[in-house]
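# Structure at a glance
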Amino acid sequence: RDKAMMVFQFALCLCLVVVSTAGIHVGILVPSTAFPEIAATALLAVRHANARNGVVSPELATIPTNNSVTYKLYDSQASAEHSVLGTMDLIKNGSMAIVGPHYSTSALAACQVSGALQIAQIGYAATLDSLSEKKLFPFFARVVSPDSARVGALVQVILHYNWSNFGLLYDPFVPYSELLAEQLSSEAKKQGLNVFPAPFSSSQASKNTAISAVKEAGVNIFVFIPSVLTDFEGILFPAEDNGLVSPKHAWLVSELRTTPALTTTDAVRMARLLEGIRAVRSLCTNSAQFKSAWSNMRAQDFPEVSGLTSTSFTSAPNFYHYLVYDATVATILAGTGATNSSDLYQRLLRLKFNGATGFTNFNERGDRVSHCSALSAVENGEEVDEGLVLNGTVVQIKSKRKWFGGSLTPPADRRECIEGLVFDEDLSACAVRIGILVGTSRRHPTDPTQRVHTSWLGEQIGLAAVMAGIHVHKRDPAVVTEARNLTHLPALSVRFFDTMDTAGTTIGAYDRARLWGAAAVVGPISSSTAAPIALLAQVNDILVTSHWATSPLLSNNRAYPTFFRTIPSDSVPSAALADFCSFYNWTRVGFIHTDDLYGIGYVRDFEKAAAQNGITTVSVQDTRSVDDSIKEGLLTLKAEGVKIIIHLASDTSEMFEWAEKFGMIGPTYAWIGTDSLGSSGFSDPDMRKYAHGIHRVFSTPTEAATWPNYYREWTSINASFFRSVDHGADMEYSPTMFSGAVVHENGGVVFEAG
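This write-up is about the structure you can find in this document. (Residues numbered from 1 in each chain as written. Predicted model: local features only at pLDDT ≥ 70, side-chain atom pairs only at ≥ 80, totals over all residues. Heavy atoms only, no water.)

### Brief notes about the overall build of the protein chain
When helices and strands are tallied, the protein chain shows 21 helices and 30 strands. Going through the 754 residues of the protein chain one by one, you find that 51% of them count as buried. Here the analysis covers contacts within the protein chain between residues at least 6 apart in sequence; of these, 67% occur between residues at least 24 apart. Surface summary for the protein chain: the accessible area is close to 32500 Å², and the carbon and sulfur share equals 54%. (Helix = DSSP H or I, 4+ residues; strand = E, 2+ residues; numbered from the N terminus. Buried < 20%, exposed > 50% of the residue type's maximum accessible area, 1.4 Å probe, protein only. Contact = heavy atoms within 4.5 Å. Areas by Shrake-Rupley, 256 points an atom, 1.4 Å probe, with all protein chains shown as cover.)

### Brief notes about helix 16 (residues 571-583)
Between its terminal C-alpha atoms helix 16 stretches 18 Å, which fits the 18 Å expected from 13 residues at 1.5 Å a residue. Of the surrounding secondary structure, the elements contacted by the buried residues of helix 16 are strand 24 (588-594), helix 17 (597-611), strand 26 (644-648) and strand 27 (670-673). Looking at the residues trailing helix 16, positive phi occurs at asparagine 585, about 60°. (Expected span 1.5 Å × (residues − 1).)

### Focus on the nonpolar core
Membership of the largest hydrophobic core comes to 60 residues, with the highest contact counts inside it found for Tyr124, Tyr325, Leu344 and Leu348. Among the elements of the structure, strand 1 (23-30), helix 2 (36-50), strand 3 (97-99), strand 4 (120-123), helix 10 (288-295), helix 11 (319-335) and helix 12 (341-350) are those that each provide at least two residues to this core. When residues of this core are assigned to their parent elements, the largest contribution, 12 residues, is made by helix 11. Grouped together as the second largest cluster of nonpolar side chains are 34 residues, Leu184, Leu193, Ile221 and Leu375 included. (Core = buried A, V, L, I, M, F, W, Y, C linked by side-chain atoms within 4.5 Å.)

### Quick notes on the sheet that holds strand 4
One open sheet holds the 5 strands; their spatial order is 2-1-3-4-5, and the pairing between them is parallel. Sheet topology places strand 2 (68-75) and strand 5 (140-142) at the edges, where each strand pairs with a single neighbour. Put simply, the sheet's adjacent strands are angled 25° from each other on average, direction ignored. As paired elements, strand 3 and strand 4 share 3 bridges and run parallel to each other. Across the sheet, the residue bridging to alanine 97 is alanine 120, located in strand 4. Lying over the sheet, helix 3 (residues 80-92) contacts strand 1, strand 2, strand 3 and strand 4, oriented at roughly 150° with respect to strand 2. (Pairing = 2+ DSSP bridges. Axes fitted to C-alpha atoms, helices over the stretch in contact; angles between N-to-C directions.)

### Observations regarding the environment of tyrosine 176
With respect to the element layout, tyrosine 176 can be found in helix 6 (residues 175-190). Put simply, tyrosine 176 and serine 104 are 72 residues apart on the chain and 6.5 Å apart in space, counted from C-alpha to C-alpha.

### Comments concerning the pattern of salt bridges
Tallied over the entire structure, the rule returns 13 salt bridges. The shortest N-O distance in the salt bridge between glutamate 304 and arginine 47 comes to 3.8 Å. With glutamate 304 in the loop between helix 10 and helix 11 and arginine 47 in helix 2, the pair connects residues that are 257 residues apart, well separated along the chain. The residue glutamate 240 makes a salt bridge to arginine 272 at a minimum N-O spacing of 2.6 Å. You can see glutamate 240 sitting in helix 8 (residues 230-241) and its partner arginine 272 sitting in helix 9 (residues 267-274), a full 32 residues away along the chain. Taking relative accessible area as the criterion, arginine 272 reaches 45% and is therefore assigned partly exposed. Three or more residues joined by partner-sharing salt bridges are found here, namely Glu240, Asp241, Arg269 and Arg272. (Salt bridge = Lys/Arg side-chain N within 4 Å of Asp/Glu carboxyl O.)

### Some words on the pairing of strand 6 (residues 165-170)
For strand 6, the tally of buried residues reaches 6 of 6 residues, placing the bulk of the element in the interior. Residue alternation in strand 6 divides its side chains into two sets, Asn165, Gly167 and Leu169 and Phe166, Leu168 and Tyr170, and both sets are buried. Judged from the 6 bridges that link them, strand 6 and strand 7 (residues 194-199) form a sheet pairing that is parallel. Its bridge partner lying in strand 7, tyrosine 170 is registered against proline 199. At this point the chain moves from strand 6, through helix 6, to the parallel strand 7, and the crossover so formed is right-handed. With 3 bridges joining them, strand 6 and strand 8 (residues 221-224) adopt parallel strand pairing. When the sheet's bridge partners are listed, leucine 168 is paired in strand 8 with valine 223. (Right-handed = clockwise from strand over helix to strand, strands pointing away.)

### Section: the packing of helix 2 against helix 10
Closest axis-to-axis distance for the helix 2/helix 10 pair is 12 Å, and the angle between their directions is 110°. One finds that helix 2 runs roughly perpendicular with respect to helix 10. Only Phe290, Ala293 and Trp294 of helix 10 make contact with helix 2, whose side of the interface consists of Glu37, Thr41, Leu44 and His48. Class assignment of the residues belonging to the contact of helix 2 with helix 10 gives a composition of 4 nonpolar, 2 polar and 1 charged. (Parallel < 35°, antiparallel > 145°, perpendicular 65-115°, else oblique. Nonpolar A, V, L, I, M, F, W, Y, C, P; charged D, E, K, R; others polar.)

### Let's talk about empty space enclosed by the protein
On inspection of all chains with the given rule, the structure shows 2 cavities of 30 Å³ or more. Of the voids in this model, the largest cavity is the one considered here, and its volume is about 40 Å³. In terms of lining residues, the largest cavity is bounded by Thr550, Asp570, Pro573, Tyr602, Asp675, Val697, Phe698 and Ser699. For the lining of the largest cavity, the per-class residue count stands at 4 nonpolar, 2 polar and 2 charged. (1 Å grid on protein atoms, 1.4 Å probe; cavity = no way out; pocket = protein on both sides within 12 Å on 5 of 7 lines; lining within 4 Å. Points joined across faces, edges and corners; volume = space filled by probe spheres on them.)

### Details of the packing of aromatic side chains
Counting across every chain of the model gives 23 aromatic pairs. Look at tryptophan 163 and tryptophan 403: their rings are 6.0 Å apart centre to centre, the planes differ by 85°, and that puts the pair in the edge-to-face class. A residue pair is termed long-range when its members are at least 10 positions apart, and tryptophan 163 in the loop between helix 5 (147-160) and strand 6 and tryptophan 403 in the loop between strand 15 (393-397) and strand 16 (422-424) qualify at 240 residues. We note that tryptophan 163, like tryptophan 403, is buried. Ring pairing ties together the aromatic residues Phe200, Phe222, Phe224, Phe232 and Trp251, which thus form one cluster. We note arginine 269 situated over the ring of phenylalanine 237; from NZ or CZ to the ring centre the distance is 4.2 Å. (Phe/Tyr/Trp six-rings, centres within 6.5 Å; stacked < 30°, edge-to-face > 60°. Lys NZ or Arg CZ within 6 Å of the ring centre and 35° of its normal.)

### Side note on unusual backbone geometry
Glycine aside, negative phi is the norm for most residues, and most peptide bonds take the trans geometry. Cis geometry marks the peptide bond from glycine 100 to proline 101, where omega comes out at 0°. Looking at where proline 101 falls in the secondary structure, it is placed in the loop between strand 3 and helix 4 (104-116). Of note, the bond from glycine 523 into proline 524 is cis; its omega dihedral lies within 30 degrees of zero at -5°.

### Brief notes about the environment of alanine 670
Here alanine 670 is to be found in strand 27. When residues no more than four places from it in sequence are discounted, the contact partners of alanine 670 are Trp586, Lys643, Ile644 and Ile645.

### Quick word on helix 7 (residues 204-217)
The first and last C-alpha atoms of helix 7 sit 20 Å apart over 14 residues, in line with the 20 Å expected at 1.5 Å per residue. Restricting attention to buried positions, one finds in helix 7 the residues Ser206, Lys207, Ala210, Ile211, Ala213, Val214 and Ala217. The arc that holds every buried residue of helix 7, seen down its axis, measures 155°, which confines them to one face. Those residues of helix 7 that are exposed and angled more than 90 degrees off the buried face are Ala205 and Thr209. Count one or two residues on from helix 7 and you reach glycine 218, which has phi positive near 80°. (Arc of directions from axis to C-beta.)

What follows is the structure in C-alpha cells.
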C-alpha cells in the first residue's frame, strides 16, 4: 500500500520537477554505507559548483551567480531493490536528475522507474552495454565508457604482450560479469586468441573449481572479471595456493580495487597479490587538481555522510572517485538553465566540459565518447597508470612496473601450437596429449571418498597403451610393421584416468582428460560407458578410440562421428553365433542380458541373423547384480521351455548359482557365452564346475607372426609396471619405469619428439 501511494504521488510531483531560475535540485544515489568516500566526493562537486570553484572543472566557475545547487543523498545499500526505492524517493522530493546508482544491475532496475517518469539518471560506474539501449533506457547517460570499450582495450593489451591463450574467470550469475565475458570471448576469438572459460558463482567451492579448470588447461595468462569485492580473495588466494601466481603467470582484471573497503581475511596477503596484477579501465586522465582537492578533504567536513574516518582521504583516490565527481558536475552543468528534466537530458547530450577525468562529452546514446583506455598497476598500495590504448592500439607504455616475483618483464605465453597439440611446459615442446580411460578401482562400499582396487585388468590395458606409445616413439615395427614409416611426429604425452567402470565416473574421467588438453582418448571399456563419452566427444571435437566397446548401436556415424574402435562390432560375432546355433539345429534360444547398450545391440543384431536361419529368440532382461531380476529372468526362460541359453549378463556367480538351483545346469541345457563371460569369472574354485561345457563365441584378433614379440615385450616390463601403480588415484608411474621417457609430476608418461 505504501509503495502504491508513493507511485500515486509521482503524478503530483512531476509538475514540481521543473528548474527555476534559482537553481537545480540533484539526487545522489550511491552506496554511502559501503563507500562513504564516493558519497563525500559527489558532495564535493556540489560544493565546488556553489562556490564557483573551477579548480578541477573550469566550467563550474561559469555558472550564473543566481543559480544554486541543492541535493539529497540516498544510500542505495549496493542493491537493486534499494536503488529503485531510492530513485522513487529522490524523484518524489523534487530531484530533476539523479547521479548513480553504482552497479549495473542496480541501474538496470532503477532506470526503469526514472525512464518512465522522464527523469535523467547519470551513471558513474555502471558499464553494462545494454544500458545504452535508448528504447529501454531513454534518460540514462554515463561518464564512464561502456564495457565494449574496455573489451577492445583488454584484447589489445593481450596482443601487445604476444599472449595468445588465456583463462577467463567470470561469474555467469551476474549480468555485468556474464556479458563482459561474452563480449571478451567473442572479440578475442576474432583476433585468433584461444579462450579457456572458467565460470564461478558466489560459493567458494565453485571458485576453487574454476581455478582447477584453468590449471588443468595449462594457461599462464588469466583475465579475471570480479563482480563483488570478495571475489578477489575467493579467486586470488586459491590461485596462489595452486601455483598460478608466480613469475610465469600474468593476471589482468577488468577493474582494479585498492580501496581499504576490500573484504579480506588477510590484508597483507591481498596487498602483496595486487602488486603484480594489471587492470584495464576506460579512463585515461587523472586530474592532479582533483587529487589535490581530495587530499584536502576531511571527514568532519561532511557530517551528512556516515562512516567517514580520519583516514578516509589519506590514500589516493580510485577511479570511482574521479568518475562520481564528473557525473555530479555533468548533472549540474546540464541542469543550469534547463526548464525540466527532459530538457536537462538533451543539454547533457550536447555538453562538453573538462573534469577530474579530463575532457568529457557524450554521444546520442548517452555514452561517454572515449577512445582511450588505461593499463594500470598497483605500486606501494596505489593504482598507477602504466600504458595507454588509443583507438584500439597500444600507443604507450609509460613505465615498467613489477610483475609477480618482482620481474620487470611480462611472462611469456604458452607456446603456440597447431590445432590438436598442447604446449607442454615440462618438455618445452608442442605435444599431442592422449588420455587413457581405464577402470582400476571402485568406490569403497562404506566410505565414498575412498577407492578400492578391483582387478589388474585396467592396469594391464594401460600397459598395452603405454607399449604402443613406446613403439610409436621408437618407430619400432616389432608388432606393427607400419611404425617404421612414421615421420614428423610431435612429442607424445599419455596420461591415465581411472573410470571406475561406471557411466558417471567415466564421464568424470573423460572431463579430466578434456581439461588436461587431450586431443584423443583411448577407451572406455564398455559400450554403456562409451556411448555418453562419444556424444560428449563430438561436441569437444575429441577423437575416441575404444578397444572393447562392441555394441552395433555405436556404429551410427551421425550420432557418434568421432568414435572409432579397434575391436569389431558385435554384428560380427552375433552373426557367427547365429551360424553356430544353426549348425547344431537349435531353433529356439533364449537370452539373458544386461539392459544396456551392449546387451540391446547384441540381441538386435543376433535376431536379424537368426531370423534368416529360422531361429526364434526369447529375450529376458536383467539389471546388474539384482537377485530378483536374475531369478525372474531364469524362471521365465525355464517356463518358456528354452534349453539353449545365451549369456550376456555381468554377474557370472549369481547367474549360475541360481540356474543350478532351478535345475538349468546339466545335460539337457546348453549355455553359450560371449566376450562378457571371461575366464576370470571362473577363478573361484566353486565356480569352475560351471565352466565345463560352456562355449564362447567372440571376436579375436588374428595371431600374426608378430604376436610372440608382443608377448615378450609385455612380460619384460610387466613387473616394473605393477610395482609403480598407485591404485588410490589416476595412475601414476615412476620416472625409471620406461627408458627414454619423461614423466610429468602429475603422473602422465611423456615421450619426447623424435
